[in-house]
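# Geometric and topological summary
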Amino acid sequence: MAEIHDATLSPTKLELLEAWMGGQRWYAAKGRRPRLRRLAAWRLDDPAGEVGVETLVVADEAGPETVVYQVPLTYRGEPLGSADHALVGTTEHSVLGRRWIYDAPHDPVYAAQLLELVQGRVSARSSSVSDADEPSVSGVPQASWNHEVRVRSSRVLSGEQSNTSVILDGDLPDGHHIPLIVKVFRMLSPGDNPDVVLQGALVDAGSRRVPAVVGAVTGRWAHPTTEGDEVAHGHLAFCQEFLPGVEDAWRVALRAAEEGTDFSGPARDLGEATAEVHRTLADVLGTEPTSREQAEAITAEMRLRFDAAVGAVAELESVRDAVEAVLKEAAESDWPALQRIHGDYHLGQVLHSPDRGWVLLDFEGEPLRPLSERSLPDQWVRDVAGMLRSFDYVGGTLEQVRGSSARAWVTAAQQAFLDGYAARAGADPRRLGALLAAFELDKAMYEVVYEARNRPGWVGIPLGAVRRLTASATTAPPTPSLPSDPSTPGGTP
């Protein structure tokens, strides 16, 4: 049990964090020094009694909008040599002497105890009272998970921007080995994280199109609002099965395009997998009709995205009339029902497993949207359009590097994906005509803004898509022979 000392630290924890956080990948306000206020804190006990493990929830008030972060820390009496890169700093503790403070996901003690919490085998502990539980934080094991796992070793996954994921090498009681991944959410917002909700719903429904889910950690904290701090509740961490030795669909597809290999079979399978996930989400979490007001609100947002793209690339002004024609026709169409979807669907969000085929990941939704919006029902056609754009990016990348056309490969992959989706859903997205085109255009406008800001030399890929989509907007798509009503989300085989 951890003893809470009545002590002073020099420098303080917040002073150390203010000097350190600005350089972290997950810190949103690049180039700005944080100004932090503590909102909440809780601890995990080290069974050996050597390492202090504490999670701080802090508000960064340095910018025009306050941002809330979760920052797990470990406190050690000696340096942890394997985590020099994760050292937050050192401080003088008035009782314990010098303490080395680390970004906790890089510390094996934190990783092991976090998994214990997720599985409900330990409780969160108070940061202010010795030997007391912290009732505001709870581990929530997934109902469909029936293994007890102990951590053998851990490592932080590199390259993430907004969260921190830790790969856990675990052992089962029978001696078998099992790898897991636990995602620590860094930026906190009130409400349930859709990644936890959607993957949990899918696995509990028996789906093998997503990794198995171990569980999550939920918590309450004082969240700043314009009217003062209010109690917020949400997810703090999420643990699931890790699939080692697999490739994401982007790499698989790009290699096929580079080699000139027909990708129609895998693309069709991916379409079927996507439709299967959509249907399961609709069955488990429900649907609701799309009102005329909601359709108009979505197309109004698309117009704003187009205006932003014109602001980034002025030549898009020349297709304004054509884009408006597509959006007007889309707004007047019959829209499918709203349901929960992936929300940020592309080839990089899918893994190919030799045993299970395509496996979908990362259901958090579009990262730039507020959590409250990402948790709302949306149009399944948005996911379909996102994947069509991703296939186009494979071809565009090849054309960018080699200078030779990959249009035939892209078209074959896109149509095979749509064939697979239609076969599994019983509703062909191509029947939606202008509505599908509108969502593809919307995604392309998002890409235009991104490329103009980050990779100007690549902006030709989404610009080419805009030209193709607007040029074909007035051409009616072929009518498939499927009898199903496309307004039924997921379809009815």
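A short tour of the structure in this document, coming up. The shown structure was predicted, so the numbers you read here are calculated from the model rather than taken from an experiment.

## Observations concerning the sheet that holds strand β18 (residues 350-353)
Within the open sheet, the three strands sit side by side as β15-β18-β19. Their pairing is antiparallel. Because the sheet does not close on itself, it has two edges, and the strands there are β15 (247-248) and β19 (357-360). Examined bridge by bridge, β15 and β18 share two bridges and lie antiparallel to one another. Within β18, the residue paired with Glu247 across the bridge is His352. Most of the contacts of helix α5 (residues 264-285) go to β19, to which it runs at about 45°, and overall it touches β18 and β19.

## Overview of the pattern of salt bridges
Summed over all chains, the structure comprises 42 salt bridges. Arg382 is paired through a salt bridge with Asp442; the nearest N and O atoms lie 3.7 Å apart. Taken together, the residues Arg382 in helix α9 (residues 380-402) and Asp442 in helix α11 (residues 434-454) connect sequence positions 60 residues apart. Of the two residues, Arg382 and Asp442, both sit in the buried class.

## Observations concerning the environment of Gln349
Within the secondary structure, Gln349 sits in the loop between β17 (338-339) and β18. With 27 residues separating them along the chain, Gln349 and Leu376 place their C-alpha atoms 20 Å apart. Setting aside anything within four residues of it in sequence, one finds Gln349 in contact with His342, Asp344, Val359, Leu360, Leu361 and Asp362.

## Remarks on the environment of Pro211
Within the secondary structure layout, Pro211 lies in the loop between α3 (194-204) and β13 (213-225). Separated by 147 residues in the primary sequence, Pro211 and Trp358 have C-alpha atoms spaced 11 Å apart.

## Side note on the nonpolar core
Soluble globular proteins tend to pack their nonpolar side chains together in the buried interior. In this structure, Leu180, Phe263, Leu270, Leu316, Phe391, Trp409 and Phe417 are the most contacted members of the largest nonpolar core, which totals 113 residues. Ranked by the residues each element gives to this core, the list is headed by α11, at ten residues. Dropping the residues within four chain positions of it, Leu180 is found in contact with Leu115, Trp145, Val149, Val166, Ile167, Leu168, Val214, Cys239, Gln240, Glu241 and Phe242.

## A closer look at the sheet that holds β13
On the basis of which strands lie adjacent, the open sheet formed by six strands has the order β8-β13-β14-β11-β10-β9 and antiparallel pairing. At either margin of the open sheet sits one strand with a lone partner, and together these are β8 (137-141) and β9 (150-156). Going across the sheet, the axis of each strand differs from the next one's by a mean of 25°, ignoring polarity. When strand β10 (residues 163-171) meets strand β11 (residues 177-185), the two strands line up antiparallel, connected through nine bridges. Within β11, the residue paired with Ser165 across the bridge is Lys183. Running at roughly 100° to β13, helix α2 (residues 108-118) makes contact with β8, β9, β10, β11, β13 and β14 (228-241) of the sheet.

## Overview of helix α10 (residues 407-425)
Its 19 residues give α10 an end-to-end C-alpha distance of 27 Å, which sits within 8% of 27 Å, the value for a rise of 1.5 Å per residue. Every buried residue of α10 is listed here: Trp409, Val410, Ala413, Gln414, Ala416, Phe417, Leu418, Gly420, Tyr421, Ala422 and Ala425. Of the surrounding secondary structure, the elements contacted by the buried residues of α10 are α4 (249-259), α5 and α9. Phi for Gly426, located one or two positions after α10, is positive at around 75°.

## Some thoughts on the pairing of strand β5 (residues 87-93)
Two elements, strand β1 (residues 9-10) and β5, share two bridges in a ladder whose sense is antiparallel. Its bridge partner being in β5, Leu9 is matched across the sheet by His93. Where β5 and strand β6 (residues 97-103) come together, six bridges link them in antiparallel fashion. Paired with Gly89 across the bridge in β6 is Ile101. Between β5 and β6, which follow one another and run antiparallel, lie three residues.

## Some points on the environment of Ser405
Within the fold, Ser405 resides in the loop between α9 and α10. The exposed category is assigned to Ser405, whose relative accessible area is 62%. In the structure, Ser405 is positioned ten residues away from Gly395 in sequence and 7.8 Å away in space, judged by C-alpha atoms. A polar contact of 3.2 Å, which involves the side chain of Ser405, links it to the backbone nitrogen of Arg407.

So, how was this worked out
Chains are numbered independently. Their residues run from 1 in the order of the written sequence. Reporting of local features is limited, given that this is a predicted model, to residues whose pLDDT is at least 70; pairs of side-chain atoms are given and counted only at 80 or more, and all residues count toward the totals for whole chains, interfaces and linings. Computation of side-chain values: all heavy atoms of the structure, hydrogens and water removed. For two strands to be treated as a pair, DSSP must find at least two bridges joining them. Helix numbers and strand numbers start at the N terminus; a helix is a DSSP run of H or I with at least 4 residues, a strand a run of E with at least 2. Between two residues, a contact is recorded if the distance between any of their heavy atoms is within 4.5 Å. The axes are straight lines fitted to the C-alpha atoms, using for helices just the contacting stretch, and the angles between their N-to-C directions are given from 0 to 180°. Within this document, salt bridges are pairs made up of a side-chain nitrogen of Lys or Arg and a carboxyl oxygen of Asp or Glu, the two lying within 4 Å of each other. Any residue under 20% of the maximum accessible area for its type is buried, any over 50% is exposed, and the rest in between are partly exposed; the area is computed with a 1.4 Å probe on protein chains only. We call a set of buried residues a nonpolar core when its members are Ala, Val, Leu, Ile, Met, Phe, Trp, Tyr or Cys and they connect through side-chain atoms within 4.5 Å of each other. What a helix should span is 1.5 Å times the count of its residues minus one. Identification of polar contacts relies on pairs of N or O atoms within 3.5 Å, with a donor-acceptor requirement for protein atoms, meaning one able to donate a hydrogen and the other able to accept it, and with residues adjacent in sequence counted only if both atoms are side-chain atoms.

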